[in-house]
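Secondary and tertiary structure notes
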Amino acid sequence: MLSGESAAIVRATLPLVGARLDEITARFYDTMFAERPELLDGLFNRGNQRSGEQRRALAGAIAGFAGALLAHPDERPDALLTRIAHKHAAVGVTDDQYVIVHKYLFGAIAEVLGDAVTPEVAAAWDEVYWLMAGALIAMEARVYAEAGARGGRTWRTWTVVERREESADAMSLVLRPVGDEPVPPARPGQYVSVRVRMPDGVHQLRQYSLSGHGPDGLRRITVKRVRGGDAPEGEVSALLHATVREGDELTLSAPFGDVALEDGDAPLVLVSAGIGCTPITAMLEHLAHTGGTRRVLLLHADRSAADHALRADMERLTDALPAAERVFWYEDDAGLMDLDGVEIPQGAVVYMCGPVPFMREVRGALLKAGVAPKDVHYEVFGSDLWLPAAADHLDAA
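Computed from a predicted model, the values in this text were never measured in an experiment.

Of all hydrophobic cores here, the largest spans 50 residues; its most connected members are Val10, Ile24, Phe28, Met32, Leu105, Trp125 and Val128. Mapped by element, the contributors of at least two residues to this core are helix H1 (4-35), helix H3 (53-71), helix H4 (78-91), helix H5 (96-113) and helix H6 (119-146). Ranked by size, the runner-up nonpolar core spans 23 residues in total, among them Ala273, Ala301, Met359 and Leu366.

Here is the structure:
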């Protein structure tokens, strides 16, 4: 809990800090990487730094956590923190790095806000930071333990046993672990980090949802090549497409991610767009392999049938389920996903993955159809810039 004195100061200064958070986080990253360039080698993704995604995600997390402490002082915003903890575990964040972040973050706050940062203001926000950091450190310890890893040591070498072209811009890699040590189990919907050395010698990480895994120990990731255009070209994805072949070895983390299919009897609505089909396909595979009898409604949108990666798998798996149906939308044919006329099962639990604007629109349509907000679960590739809870907390504060 935030102390009463600090809560009053944070409430009074949150509008000022919030208005300058983007500037603060930009100064934070610039200074930290200038003085600690080794952090860019195997920890922070350069693409997310160039695009500004990581900066915006950090700003949203800080604002969301501070607002939550003020709006609900007796509750910890675990939904926000759990997602961050899994993202941190996937790249191997360790406890000592929170001290490094604290140094540069609070240096940036002081530089950007100047005289507004009195000793009292600094102490209040310091309390917010360490409440958040302490909660994350505890959560990450549990996440690591569940993954069979300690101190961020989650990495394992895997051999590519098959490369499969799924579409013009997507390919799947089927992987087998090297060695006889048991690998941590994967839950349907989770992701792994792939760690590669770039041509300039710097290691970079990228998370990929497991699009398939089973009792044989094999795992599959499906990688979409990002060609640039409105967004920077994906470094890791481009390298994997260009260089990885059967027989090559890759370094993967243990599986992480808080959005994973839960067992139960409630009807399922599985929604995806584009390469967001990867965790959804893993969920379908799990249901098929375990003899699932739940009602399943699969909804997918893509640019065209030719661009639809894993289409054959999605069709095969829904055909194998006794109470499953599917609807596909293609922009070059039927247009964008439109739920008008689609019967959403009562009491359904929803899992979504795709671009944030797509998921916002579909979520709104599902809520209008009677789905409870608590039953809508979503996964975002990269930094999570969809923080509706953060905005709610700020409004409430």
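Summed over the entire model, instances satisfying the criterion amount to 6 aromatic pairs. Arranged with centres 4.6 Å apart and planes meeting at 55 degrees, the rings of Phe28 and Tyr29 form a pair that is tilted. Both rings, one in Phe106 and one in Tyr129, keep their centres 6.0 Å apart while their planes meet at 85 degrees; by these two values the pair is edge-to-face. Of this pair, Phe106 sits in helix H5 while Tyr129 sits in helix H6, placing them 23 residues apart in sequence. Grouping aromatic residues by their ring pairs yields a cluster made of Phe28, Tyr29 and Phe33. Its guanidinium or amino end placed over the ring of Tyr378, Arg83 lies 4.3 Å from that ring's centre, counting from NZ or CZ. For the cation-ring pair, Lys87 lies above Tyr191, with the distance from its terminal atom to the ring centre recorded as 5.0 Å.

We now examine the sheet that holds strand E4 (residues 203-213). By definition, the strands of a sheet pair up through backbone hydrogen bonds, in either a parallel or an antiparallel sense. Reading around the barrel, the 6 strands line up as E1-E2-E5-E4-E3-E6 and close back on themselves, with antiparallel pairing between neighbours. Taken pair by pair, the neighbouring strands of this sheet meet at an average axis angle of 45 degrees, ignoring direction. Looking at chain direction, E4 and strand E5 (residues 219-224) are connected through 3 bridges and run antiparallel. Bridge assignment links His213 to a residue of E5, and that residue is Arg219. Contacts between helix H7 (residues 235-243) and the sheet are confined to strand E1 (156-167), strand E2 (170-177), strand E3 (191-197), E4, E5 and strand E6 (249-252), with E4 contributing the most and set at about 65 degrees to the helix. In this fold helix H8 (residues 277-289) packs onto E4 and E5, with an angle of close to 35 degrees to the strand it touches most, E4.

Turning our eyes to something else, we now look at the environment of Phe256. With respect to the helices and strands, the residue Phe256 is situated in the loop between E6 and strand E7 (268-273). According to the relative accessible area criterion, Phe256 is buried, its value standing at 1%. With 109 residues separating them in the primary sequence, Phe256 and Ala147 have C-alpha atoms 7.8 Å apart. Once residues within four sequence positions are removed from consideration, Phe256 is found in contact with His86, Ala89, Ala90, Val143, Tyr144, Ala147, Thr154, Gln190 and Tyr191.

Relative to each other, H3 and H6 sit at 100 degrees, their axes nearing to 11 Å. Between H3 and H6, the interaxial angle falls into the category roughly perpendicular. Across from Ala61, Ile62, Phe65, Ala66 and Leu69 in H3, the residues of H6 making contact are Trp125, Val128, Leu131 and Met132.

With that out of the way, let us pick up the sheet that holds strand E9 (residues 324-330). In spatial order, the strands read E9-E8-E7-E10-E11; together these 5 strands make up an open sheet with parallel pairing. The two strands at the open ends of the sheet, each matched to only one other strand, are E9 and strand E11 (376-379). Direction aside, neighbouring strands of the sheet carry axes that sit 15 degrees apart on average.

Reading the values: the criteria
Within any chain, residue numbers begin from 1 and follow the written order of that chain's sequence. Predicted model: local features are reported for residues with pLDDT of at least 70 only, side-chain atom pairs are reported and counted for 80 or more only, and whole-chain, interface and lining totals are derived from all residues. Water and hydrogen atoms were dropped before computing side-chain values, which therefore reflect all heavy atoms in the structure. Buried Ala, Val, Leu, Ile, Met, Phe, Trp, Tyr and Cys residues form a nonpolar core when they are joined through side-chain atoms within 4.5 Å. In this scheme, a residue with accessible area under 20% of its type's maximum is buried, one over 50% is exposed, and one in between is partly exposed, where area comes from a 1.4 Å probe on protein chains only. We count a stretch as a helix when DSSP gives it H or I for four or more residues in a row; a strand needs E for two or more, and each element gets its number in order from the N terminus. Only centres within 6.5 Å qualify two rings of Phe, Tyr or Trp (six-membered ring in Trp) as a pair; their planes then separate them into stacked at under 30 degrees, edge-to-face at over 60, and tilted for everything else. Placement of a charge over a ring requires the Lys NZ or Arg CZ to be within 6 Å of the ring centre, with the centre-to-atom vector within 35 degrees of the ring normal. Here, a strand pair is defined by DSSP locating no fewer than two bridges between the strands. Lines fitted to the C-alpha atoms define the axes, with helices restricted to the stretch that makes contact. Angles between their N-to-C directions range from 0 to 180 degrees. Should any heavy atoms of two residues lie within 4.5 Å, those residues are considered in contact. Every angle not falling under 35 degrees, over 145, or within 65 to 115 is termed oblique; those three ranges are roughly parallel, roughly antiparallel and roughly perpendicular.

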